[in-house]
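Residues per chain, in single letters:
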2 protein chains.
Amino acid sequence: MPTSNPRLPRAAVIREVGLRDGLQSIATILSTERKREWIRAAHAAGQREIEVGSFVPARLLPQLADTADLVNYAKTLPGLFVSVLVPNLRGAESAIASGADLMIVPLSASHAHSLANLRKTPDEVVAEVARIRAARDAAGAKTLIEGGVGTAFGCTLQGEVAADEVLRLMQALLDAGADRVSLADTVGYADPAMVRALFEQALKIAGERLWCGHFHDTRGLGLANVYAALELGVSRFDACLAGIGGCPHAPGASGNVATEDLAYMLGSMGIATGMDIGQVLALRARVADWLHGETLHGTLWRAGLPRTFIPETLAA
Amino acid sequence: MPTSNPRLPRAAVIREVGLRDGLQSIATILSTERKREWIRAAHAAGQREIEVGSFVPARLLPQLADTADLVNYAKTLPGLFVSVLVPNLRGAESAIASGADLMIVPLSASHAHSLANLRKTPDEVVAEVARIRAARDAAGAKTLIEGGVGTAFGCTLQGEVAADEVLRLMQALLDAGADRVSLADTVGYADPAMVRALFEQALKIAGERLWCGHFHDTRGLGLANVYAALELGVSRFDACLAGIGGCPHAPGASGNVATEDLAYMLGSMGIATGMDIGQVLALRARVADWLHGETLHGTLWRAGLPRTFIPETLAA
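In short, a report on the structure. The residue numbering used here restarts from 1 in each chain and proceeds along that chain's sequence as written. Note on labels: chains are lettered from A, ligands numbered from 1, in written order. Local features are withheld for residues below a pLDDT of 70 in this predicted model, meaning they are given only at 70 or higher, and side-chain atom pairs are given and counted only at 80 or more; totals for whole chains, interfaces and linings count all residues.

**Thoughts on the overall build of chain A**
Per the secondary structure count, chain A includes 13 helices and 8 strands. Seen through its principal axes, chain A has C-alpha atoms that stretch 50 × 40 × 40 Å. Residues counted as buried form 57% of the 316 residues belonging to chain A. For chain A, the proportion of contacts with a sequence separation of at least 24, taken over those separated by at least 6, is 75%. Helix and strand labels come from DSSP, where a helix needs a run of H or I of at least four residues and a strand needs a run of E of at least two; each type is numbered from the N terminus. Neighbour counting defines burial: a residue surrounded by 20 or more other C-beta atoms within 10 Å of its own C-beta is buried, one with 12 or fewer is exposed, and intermediate counts give partly exposed, using backbone-placed C-beta atoms. Here contacts are defined at the residue level, using C-beta atoms placed from the backbone and a cut-off of 7 Å between them.

So, in structure tokens, the structure goes:
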């Protein structure tokens, strides 16, 4: 059914982050060959933005040590916008050298989480973004810099994270040279009213540079949170196939919003994603097979699409 | 965090339907003693509306044969509003005799589903509601009549169900003497945009007599759909503890929205429910134990409440 809600965007992008956010949180290590196959099939299913890995030391995350190879492969697929995560300048230099289209620099608005997770204060991360920007510009590279503000809705270590602090850091990231910023509910504390309130303020600061919403489904509110952001015109969301990932502070809890469920919600509301959900579900089945023994999430794969669902190619 | 969204209601009611919608769909039969215990504990946790069963012939649903006994028990709990489902006049007569506060008469807006499930056309159900109203008034009883319009967002048998037909039947139910009407996404086909569109029109017809939204989480959109209805001021929702129930046409799929997840979403947004979520989670654990072997759903029970969650007694 086409949307009757004039506030909703006409199109939205699902950025697949399963290969990074998902795979870094689970025990199974996928071979480079299978990761390539995942990227290839996601592209064939219509996904046009994929975060393929992270430029971190291989001793910290050996399962992501093939990131440069994956960027290289992903860049051969027509129209695919390739993202990577970088924790610091050294990672950014690798990202620039790899030819990635965008590098995400995570910042945690929770001081406690920032120190525990990144070993830097949030403002030290801002300073690092300035160095990354300088390096990018000096290299004459086009790789975009996204400042990802995490624990934006609260933190398992610190508890409350003040919205004012989140917004201050977002402004600081832009001032330091980030091309894009995003907000992440790293630990699954957000609800739709919180999303509406924070994104409303963030949009005033960043406008179209507010690039993405990253929601975890830890407590079942992932898609409701996406909907609340959609109502404000936000049109890019991170998601993991089969909802892999999870929160290390809540064992067994769901990870990111599941790509297939999000694609269904958007498609059902008549919001174009360019994705073929049947192909996405087929890929999910293959990845689930590769990840045998891991706790997977998502709902659509059990029930299948409604009889009334109109594929995008017919809806257009 | 208190809501910054002026459109959201300040308070909402979760009507527990697990004892009817949930238990009628699963294999395990709970003893009357355990059902009483469930009702008692739900009341102690602050729930004030419970659908305790269904007045249908015991040969059809033997697991609900103790409905009169449960109404009797539930009516001893202070302030508890007790609902039952009735498929026809005979059931309504039992409901009236039992002293239930409200009887829900299900109507399926899908002609095909209505014939398959109720062996009546939708308009024959409307005519039955008129007879039920006459019987209720003749008995001088106070039992309210709710016309529940099911398959309101589509049907697994028929496919599309036209919104005009849903709204026509809703008006017909009110004309036939229903005190309340509600809309149900029986098979889990709704999305937030559809919910917004249909409830907007339904509110124009029924106003405050539009009593309840009933959403299934078959495809993961249950809470997003609740949020879309909340934004229109709808403030009563059916839910099943542990998300039991499900859809007979989608084996393994989730059932109703999970009570505990919905209570968390509402509480997090500062919408008062009167419920103590800790007690609700404790009850969920007990019921999960009783239903050992059944597929349960819901998300909050794994992760627990956020550190930042403010219990209602403190928030007030």
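**Considerations on the packing of helix α2 (residues 32-44) of chain A against helix α3 (residues 67-74) of chain A**
All names here are of chain A. At a closest axis distance of 10 Å, the pairing of α2 and α3 adopts a crossing angle of 35 degrees. The interaxial crossing formed by α2 with α3 has right-handed handedness. Residue-level inspection shows T32, K35, R36 and I39 of α2 in contact with α3, the latter providing D69, L70, Y73 and A74. Each residue receives one of three labels: charged for Asp, Glu, Lys and Arg, nonpolar for Ala, Val, Leu, Ile, Met, Phe, Trp, Tyr, Cys and Pro, and polar for the others, Gly being one of them. The residue makeup of the contact of α2 with α3, split by class, is 4 nonpolar, 1 polar and 3 charged. Only C-alpha atoms enter the line fits that serve as axes; for helices the fit covers just the stretch in contact. Angles between N-to-C directions range over 0 to 180 degrees. Should the near helix be turned anticlockwise from the far one by less than a right angle, the crossing is termed left-handed; should it be turned clockwise, right-handed.

**Digging into the relation of the copies chain B and chain A**
Only residues with pLDDT of at least 70 in both copies contribute their C-alpha atoms to the least-squares superposition of the copies. With an RMSD of 0.0 Å, the operation that places chain B on chain A is a rotation of 180 degrees combined with a shift of 0.0 Å along the axis. The operation mapping one copy onto its partner corresponds to a two-fold rotation axis. Identified as the residue of chain B closest to the rotation axis by C-alpha distance is B:A224, at 1.9 Å. Comparing interface residues between copies, 98% of those in chain B also sit at the interface in chain A, which points to an isologous, same-surface contact.

**Focus: the interface of chain B and chain A**
Tallying the contact residues gives 44 residues for chain B and 43 residues for chain A. The element that contributes the greatest number of residues to the side of chain B that touches chain A is helix α8 (residues 192-206) of chain B, accounting for 5 residues. Of the residues assigned to the side of chain B that touches chain A, the class counts are 20 nonpolar, 16 polar and 8 charged.

**So, the pairing of strand β3 (residues 81-85) of chain B**
Residues and elements named next belong to chain B. Counting buried positions along β3 yields 4 of 5 residues, so the element is predominantly enclosed. Both strand β2 (residues 49-54) and β3 contribute to a ladder of 5 bridges, which runs parallel. Following the sheet pairing, E51 is matched in β3 by S83. When the strands point away from the viewer, a crossover counts as right-handed if the path from the first strand over the helix to the second runs clockwise. Handedness of the β-α-β unit built from β2, helix α3 (residues 67-74) and β3 comes out right-handed. Pairing between strands is defined by DSSP: at least two bridges between the two strands are required.

**A word on the environment of A:V280**
Residue and element names in this part refer to chain A. Take V280: it is sitting in helix α11 (residues 277-290). In this structure V280 comes out as buried when scored by C-beta crowding, with 28 C-beta atoms within 10 Å. For the pair V280 and L230, spaced 50 residues apart in sequence, the C-alpha separation works out to 22 Å. When near neighbours in sequence (up to four residues on either side) are disregarded, V280 contacts A45, T259, E260, A263 and M275.

**A look at the nonpolar core**
Within the largest apolar cluster, 209 residues are counted, with the highest numbers of intra-cluster contacts made by A:L173, A:L262, B:L173 and B:L262. The biggest single contributor to this core is helix α7 (residues 163-176) of chain B, with 8 residues. Sequence-distant contacts of A:L262, that is, excluding residues within four places in its chain, are made with A:I14, A:L223, A:V226, A:F237, A:A239 and A:V257. The nonpolar core is taken to be a set of buried Ala, Val, Leu, Ile, Met, Phe, Trp, Tyr and Cys residues joined by way of C-beta atoms within 7 Å.

**Notes on the environment of B:A139**
Residues and elements named next belong to chain B. Note that A139 resides in the loop between α6 (122-138) and β5 (144-150). Residue A139 is classed as partly exposed on the basis of its 13 C-beta neighbours within 10 Å. Separated by 42 residues in the primary sequence, A139 and A97 have C-alpha atoms spaced 9.1 Å apart.

**Examining helix α6 (residues 122-138) of chain A**
All names here are of chain A. The span expected for a helix works out to 1.5 Å for each residue beyond the first. The end-to-end C-alpha distance of α6, which contains 17 residues, comes to 24 Å, matching closely the 24 Å that a straight helix rising 1.5 Å per residue would cover. Buried positions along α6 lie against α4 (89-98), β4 (102-108), α5 (111-118), β5 (144-150) and α7 (163-175). G140, located one to two residues past α6, shows a positive phi value of around 65 degrees.

**Considering unusual backbone geometry**
Residues other than glycine predominantly adopt negative phi, and peptide bonds predominantly adopt the trans conformation. A positive phi is found at A:A242, a non-glycine position, where the angle reads about 65 degrees. Inspection of the secondary structure assignment puts A:A242 in the loop between β8 (236-239) and α10 (259-268). At B:T151, a residue that is not glycine, the phi angle is positive and equals roughly 45 degrees. Along the chain, B:T151 falls in the loop between β5 and α7. Taking the C-beta count within 10 Å as the criterion, B:T151 has 27 such neighbours and is therefore assigned buried.

**Re the environment of B:A127**
Note on placement: B:A127 falls in helix α6. Given 13 C-beta atoms within 10 Å, B:A127 falls into the partly exposed group.

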